[in-house]
Amino acid sequence: MRIPDISFAFLLTVLLLNGCSSDVKKQEKATAKATATAKEETLSLQPYLKEAAQQSASANDYPAAAAHWGAIYDEDPSNVQAAVNFAVNLRYIGGPREAIIILDKALAAHPDDPLLLTERSKAHTAAGDLELALADIERALKAPVKIWSTYSTHGVILDRQGHQAEAEVAYQKALELSPGNPKILNNMALSLAMAGRLDEAISTLRRAAQHVESTVQIRQNLSLLLAMKGETDEAGELARADLPAAISANNIAYFQSLNEAAAN
C-alpha cells in the first residue's frame, strides 16, 4: 500500500521537532554547564578577591575594597560577611544610602542578624538618620550573641544625641567584650573630649595609638587632641609620621594657630 505523502510530511515534521527539542536541550545543558563553570571560577577567585579587598582597606583604598567586596557579594548575596564588608566600604567612600540598600536586602533574608543590624545602624548614622540608627541598634542589642561593635555603635549614637554619660557606659560594655580594642578606645576618647575631659581623652587615645591594630585616623585624632592641649611639638611629630609633607605642614600650621588663639 502506498503511504500518502501527508504521512511523510507529518513524519518529517515530527523528526524535525524532535531534533530541535534535542538541540535545545543540548544547548540548555551546555549553557548550564558554562554558567556553573563560570560560577566555580568566580568562587575559586574569592580568596584572592578577599585578600585584595583586605590589602586595599589596609592602604585606605576604600573604593577598591568596595569593588572587591561587591564582586564577592554579587556572586553570593547570601554571604552575610560579604554584605557587611561591602556596606562598610561603601559607607567609607561616602555612600551610606547605597550601603543601606545592600543591608536592606541582606536583612530581608536574615532579619535579626546583629552584624547586619549594627552596620545598617552605622550607615543610618552616617546618613544623619539617628532615629533609624537607634532603632536598628536596639534590635541588635537584643540578639543572644553579643558583639562589641554593637555597643560601640550605640555609644556613638548616644554621643550624637548628647547623652555622654550613657555613651560611656556603652563603650565600657564594648571593652568588656573586646578589651583594649583601639576602635572602641578611639570612640570613647572622642566622647571624653566632647565632654571636656581632655586629659582622660588623650590618655585613652594613647592606649589606642599604641595598639598593634592602631590606624592613621586614631593617631591623627591623638595629634589633634594634643594640639588642643597645647602640646604642638608632639602633635606635629604624629602628623609628620603618617601624613604627606604638604598635609602635615598644613596640620602643624593649624595646631600652631590653635596655640596662638589659646594664648590670646
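Residues numbered from 1 in each chain as written. Predicted model: local features only at pLDDT ≥ 70, side-chain atom pairs only at ≥ 80, totals over all residues. Heavy atoms only, no water.

It is worth spelling out the overall build of the protein chain at this point. Within the protein chain, the regular secondary structure consists of 13 helices and 0 strands. Ordered by position in the sequence, the α and β elements of the protein chain form the string α-α-α-α-α-α-α-α-α-α-α-α-α. Sequence separation of 24 or more characterises 43% of the internal contacts of the protein chain that already satisfy a separation of 6 or more. Surface exposure of the protein chain reaches about 15,100 Å², of which carbon and sulfur atoms provide 57%. (Helix = DSSP H or I, 4+ residues; strand = E, 2+ residues; numbered from the N terminus. Contact = heavy atoms within 4.5 Å. Areas by Shrake-Rupley, 256 points an atom, 1.4 Å probe, with all protein chains shown as cover.)

A few words on the packing of helix 5 (residues 114-126) against helix 7 (residues 148-160). Direction vectors running N to C along helix 5 and helix 7 enclose 25 degrees, while the axes themselves pass 10 Å from each other. Taken together, the axis directions place helix 5 and helix 7 in an arrangement best described as roughly parallel. Here helix 5 and helix 7 pass one another in a crossing that is left-handed. Contacts from P114, T118, S121, K122 and T125 of helix 5 reach helix 7 at S149, T150, T153, I157 and R160. Classifying every residue of the contact of helix 5 with helix 7 gives 2 nonpolar, 6 polar and 2 charged. (Axes fitted to C-alpha atoms, helices over the stretch in contact; angles between N-to-C directions. Parallel < 35°, antiparallel > 145°, perpendicular 65-115°, else oblique. Left-handed = near helix turned anticlockwise from the far one by under 90°. Nonpolar A, V, L, I, M, F, W, Y, C, P; charged D, E, K, R; others polar.)

Structurally, R219 is set in helix 11 (residues 216-229). Residue R219 is classed as partly exposed on the basis of its relative accessible area of 22%. On a C-alpha basis, the gap between R219 and D242 in space is 8.2 Å, while along the polypeptide they are 23 residues apart. Not counting chain neighbours up to four residues away, the residues in contact with R219 comprise A209, S214, L238 and D242. Side-chain polar atoms of R219 contact the side chain of S214, separated by 3.3 Å. (Buried < 20%, exposed > 50% of the residue type's maximum accessible area, 1.4 Å probe, protein only. Polar contact = N/O pair within 3.5 Å; in protein donor to acceptor, adjacent residues only side chain to side chain.)

It is worth spelling out the pattern of salt bridges at this point. One pass over the full model with this rule turns up 11 salt bridges. Salt-bridge contacts for R197 lead to E200; the nearest nitrogen and oxygen are separated by 2.9 Å. Taken together, the salt bridges that share partners define one network made up of D199, R206, K229, E231 and E234. (Salt bridge = Lys/Arg side-chain N within 4 Å of Asp/Glu carboxyl O.)

Right, let's get into the confidence of the model for the protein chain. Looking at the protein chain as a whole, its pLDDT mean stands at 82, while 75% of the residues score no less than 70. Residue range residues 1-22 is modelled with pLDDT below 50. Its contacts to residues more than four positions away, or to other chains, number 1 contact. The low-confidence segment residues 34-38 (pLDDT under 50) makes 0 contacts with residues lying over four places distant or belonging to another chain. (pLDDT = per-residue confidence, 0-100.)

Our next topic: the packing of helix 11 against helix 12 (residues 232-242). Any two packed helices are characterised by the angle at which their axes cross and by the distance between the axes. Running from amino to carboxyl end, helix 11 crosses helix 12 at an angle of 155 degrees, the nearest separation of the two axes being 8 Å. With respect to helix 12, the axis of helix 11 lies roughly antiparallel. Crossing handedness for the pair helix 11 and helix 12: left-handed. Taken together, the residues of helix 12 that come into contact with helix 11 (itself represented by V216, R219, Q220, L222, S223, L226 and A227) are E234, A235, L238, A239 and D242. Broken down by class, the residue content of the contact of helix 11 with helix 12 amounts to 7 nonpolar, 2 polar and 3 charged.

Within the element layout of this structure, T125 appears in helix 5. On the accessibility criterion, T125 (7% relative accessible area) is buried. Side-chain polar atoms of T125 contact the backbone oxygen of S121, separated by 2.8 Å. If we ignore the near neighbours within four places in the chain, the residues touching T125 are L130, A133, I157 and R160.

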